[in-house]
Amino acid sequence: MDVYEAVKTRCSVRAFTDQPVARKVLERVLTAASWAPSSGNLQPWHVYVVTGSRLASLKQRATARALARDPGDDREYPMYPADLLPPYLERFSSAATERYKALKIERDDPDRPMKIAALNSQAFGAPAVLFCYLDRSMGPGQWADAGMYLQTVMLLLRAEGLHSCPQVMWTMYRKTVSETVGAPDTHQLLCGLSIGYERENALRARTDRAPLTETVTFIGS
Ligand SMILES: Cc1cc2nc3c(=O)[nH]c(=O)nc-3n(C[C@H](O)[C@H](O)[C@H](O)COP(=O)(O)O)c2cc1C
């Protein structure tokens, strides 16, 4: 698979089969992804990959919290600015509409937050979840590095016939996650990444993208 195809076929999949992902495939992907760039080559990411009975138990604990309408652990970083202005607000709303349509959750369903948290807590059925942490001493530059690293992981997963879904939602239950993986308090959870094989015929949230003219300015010839 060439890079263009990997980029074009990567999308957030929210319906996985329970087919396990071979450890050697995950090791191959993560070995290659370690070549992702980082400012000063700090390689600031700390990654845990959870599978099998440990993942089953984590999913069960997180789902129980979701179903109990637990508001979650105090957030350590805001995923979005408090005031989401245009055009970001429109992009956010249209992605959310697509996402809920694919998950068959009505917009006015009073249980929507709980249902979304529960589906996320099941990692959408994925048999592997990668959790990416950063040392608390790290700043915005290293958070950007971690994003580049995670995108590298996601593209390499495509080359292995796998799909993924990045999930900030795991930060809601970050204490449960940290207990499971044994992350030290000096590390902060950036997000989870569900990994697996996509379920056939599952509805997908087909997100759009802004035209190039909205996001890119060419200067010079
Ligand atoms: C850092 C990050 C966190 C995300 N968190 C969630 C999440 O908690 N749950 C979810 O269903 N999707 C999550 N997403 C997926 C986005 O909704 C998705 O990337 C966006 O709508 C574009 O769609 P696409 O990935 O299918 O191209 C996250 C994406 C990123 C990059």
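Residues numbered from 1 in each chain as written. Predicted model: local features only at pLDDT ≥ 70, side-chain atom pairs only at ≥ 80, totals over all residues.

Draft legend 1. Local environment of the overall build of the chain. Looking only at helices and strands, the chain has eight helices and four strands in total. Along the chain, helices (α) and strands (β) appear in the sequence α-α-β-α-α-α-β-α-β-α-β-α when read from the amino end. For 221 residues, the compact-globule formula gives about 17 Å, and the C-alpha radius of gyration of the chain, at 18 Å, lands near that figure. Taking the principal axes of its C-alpha atoms as reference, the chain extends roughly 60 × 40 × 40 Å. Scored against the burial criterion, the 221 residues of the chain give a buried share of 26%. (Helix = DSSP H or I, 4+ residues; strand = E, 2+ residues; numbered from the N terminus. Rg over C-alpha atoms; globule rule 2.2 N^0.38 Å. Buried ≥ 20, exposed ≤ 12 C-beta atoms within 10 Å, placed from the backbone.)

Draft legend 2. Main features of the site of the ligand. In the region of the ligand, the neighbouring residues are Cys-11, Ser-12, Arg-14, Ala-95, Asn-120, Cys-165, Pro-166, Gln-167, Val-168, Met-169, Cys-191 and Thr-207. For the shell around the ligand, the per-class residue count stands at seven nonpolar, four polar and one charged. (Near = placed C-beta within 6 Å. Nonpolar A, V, L, I, M, F, W, Y, C, P; charged D, E, K, R; others polar.)

Draft legend 3. Spotlight on the nonpolar core. Grouped together as the largest cluster of nonpolar side chains are 40 residues, with contacts concentrated most on Val-129, Phe-131, Cys-132, Val-153 and Ile-195. Here this core gets eight residues from one element, more than from any other, and that element is helix H6 (residues 140-159). Contacts of Val-129, omitting those with residues within four sequence positions, involve Val-50, Leu-55, Ala-123, Gly-192, Leu-193, Ser-194 and Ile-195. (Core = buried A, V, L, I, M, F, W, Y, C linked by C-beta atoms within 7 Å. Contact = placed C-beta atoms within 7 Å.)

Draft legend 4. Up close: the sheet that holds strand S4 (residues 187-196). Within the open sheet, the four strands sit side by side as S1-S2-S4-S3. Their pairing is antiparallel. Sheet topology places strand S1 (45-51) and strand S3 (163-167) at the edges, where each strand pairs with a single neighbour. Direction aside, the axes of adjacent strands within the sheet are offset by 25 degrees on average. In this structure, strand S2 (residues 128-135) lies alongside S4, joined through eight bridges in antiparallel fashion. Along S4, the bridge assignment pairs Phe-131 with Gly-192. (Pairing = 2+ DSSP bridges. Axes fitted to C-alpha atoms, helices over the stretch in contact; angles between N-to-C directions.)

Draft legend 5. Broad picture of the packing of helix H3 (residues 52-67) against helix H7 (residues 174-181). With their axes 10 Å apart at the nearest point, H3 and H7 run at an angle of 160 degrees to one another. Considered as vectors, H3 and H7 are oriented roughly antiparallel to each other. When you trace H3 past H7, the crossing you get is right-handed. Listed contacts from H7 to Arg-54, Leu-58, Arg-61, Ala-62 and Arg-65 of H3 are Thr-176, Val-177 and Thr-180. A class-by-class count of the residues in the contact of H3 with H7 yields three nonpolar, two polar and three charged. (Parallel < 35°, antiparallel > 145°, perpendicular 65-115°, else oblique. Left-handed = near helix turned anticlockwise from the far one by under 90°.)

These values are about where atoms sit, not about what they do.
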